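One-letter residues, chain by chain:
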Amino acid sequence: MTNPILELNDICYSYHSPKGETDALSHISFRVKKGEFLAIVGPSGCGKSTLLSIIAGLIPPESGEIHFASAPEENPEKRCCPRIGYMLQHDHLFEWRTIYRNVILGLEINRQLTPEKKERALELLKDYGLYKFKDKKPGELSGGMKQRAALIRTLLLDPDILLLDEPFSALDYQTRLSVSSDICNIIRSTKKTAILVTHDLSEAISLADRILVLSKRPARIKCDIPIHLTISGNSPLASRNAPEYQGYFNQLWKEISDENYIQLPQIARPASE
Ligand code: ADP
Ligand code: MG
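Residues numbered from 1 in each chain as written. Chains lettered and ligands numbered in written order. Predicted model: local features only at pLDDT ≥ 70, side-chain atom pairs only at ≥ 80, totals over all residues. Heavy atoms only, no water.

J.: I keep staring at the pairing of strand S6 (residues 161-165) and nothing clicks. Help me out?
T.: Strand residues, when the strand is regular, have side chains that alternate between the two faces of the sheet. Where burial is concerned, most of S6 is hidden: 5 out of the 5 residues are buried. The side-chain alternation of S6 yields two buried faces, one formed by Ile 161, Leu 163 and Asp 165 and the other by Leu 162 and Leu 164. Relative to S6, strand S5 (residues 84-87) is paired through 4 bridges, and the arrangement is parallel. Following the sheet pairing, Tyr 86 is matched in S6 by Leu 163. Note that S6 and strand S7 (residues 193-197) share 5 bridges and pair parallel. Residue pairing in the sheet places Ile 161 in a bridge with Thr 193 of S7. Viewed along the sheet, the connection from S6 through helix H6 (residues 173-189) into S7 turns out right-handed. (Buried < 20%, exposed > 50% of the residue type's maximum accessible area, 1.4 Å probe, protein only. Helix = DSSP H or I, 4+ residues; strand = E, 2+ residues; numbered from the N terminus. Pairing = 2+ DSSP bridges. Right-handed = clockwise from strand over helix to strand, strands pointing away.)

As structure tokens, this is what we get:
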């Protein structure tokens, strides 16, 4: 792979507590290209959030190495650490702040609240249909709108890599479809590199360029599947009608069922059999 923005080599991690040791990650190695959208699927509790926390630098790996490469186009020799945005399952908006004051919170904390950035915040609120709600409190908005506000807060810090930890799982199915579609379009149009943890196989296939399947704990990489869908347009909803979609779904379902973490439905047999 030429010019990966992120490279993990042989990462291992265990949690140590008075109750004992929990091995979470085992020899994880992979690379992510600039602008790539990677999805990670795996059993609940296998180590997905641990992996994102290591990439975000919140916890150091126990062994192995992690490399970032961000070479500005105007000066490819100059390498620096990319900025990382981390979006979690819950929007973590503060109820006592308006939507506008929530989206600028990261800028305030990072002392980047310039007039240009304030202008950019208002532009993004307009682009993502939240401008007329900018003076409302989070409790007055739907779950999907709050997730969009959380994404704007993350995007305003202009991250090079976006980490998304099951960001749609608190939403109902219909909202989830439209918000994931919106958010995917936002990420694609801003050409961000994104790593999405999800347990929804359809979501992974329709959004990602590549899917890593993790084994049960301690997580190792079970397979790495590039996704190529022949569908016109760039809508994750339309992708579900691509002719290749079902093949990928079956392949992922098989990998996941082999890990024995999804109970296959029991099909009741008729009494006469
Ligand atoms: P996932 O995101 O795939 O559901 P996590 O990365 O959150 O899994 O957790 C992996 C394993 O590590 C789980 O068994 C979890 O209980 C354990 N774990 C997570 N955080 C801690 C912690 N702070 N201390 C001890 N064990 C932890
Ligand atoms: Mg998790």
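Resuming the write-up.
J.: How should I be thinking about the packing of aromatic side chains in this particular structure?
T.: Where two aromatic rings form a pair, the distance of their centres and the angle of their planes describe that pair. What the rule picks out here adds up to 4 aromatic pairs. On the basis of an interplanar angle of 80° and a centroid distance of 5.0 Å, the ring pair of Tyr 13 and Tyr 15 is categorised as edge-to-face. Residue Tyr 13 is classed as buried on the basis of its relative accessible area of 13%. Ring centres 6.3 Å apart and planes at 35° place the aromatic pair Tyr 245 and Phe 249 in the tilted group. Linking Tyr 245 with Phe 249, this pair stays in helix H9 (residues 245-258), spanning 4 residues, or about one helical turn. For Phe 249, a relative accessible area of 22% corresponds to the partly exposed category. Put simply, the rings of Tyr 245, Phe 249 and Trp 253 touch in pairs and so form one group of aromatic residues. The ring centre of Tyr 131 lies 4.9 Å from the NZ or CZ of Lys 126, which sits over that ring. (Phe/Tyr/Trp six-rings, centres within 6.5 Å; stacked < 30°, edge-to-face > 60°. Lys NZ or Arg CZ within 6 Å of the ring centre and 35° of its normal.)

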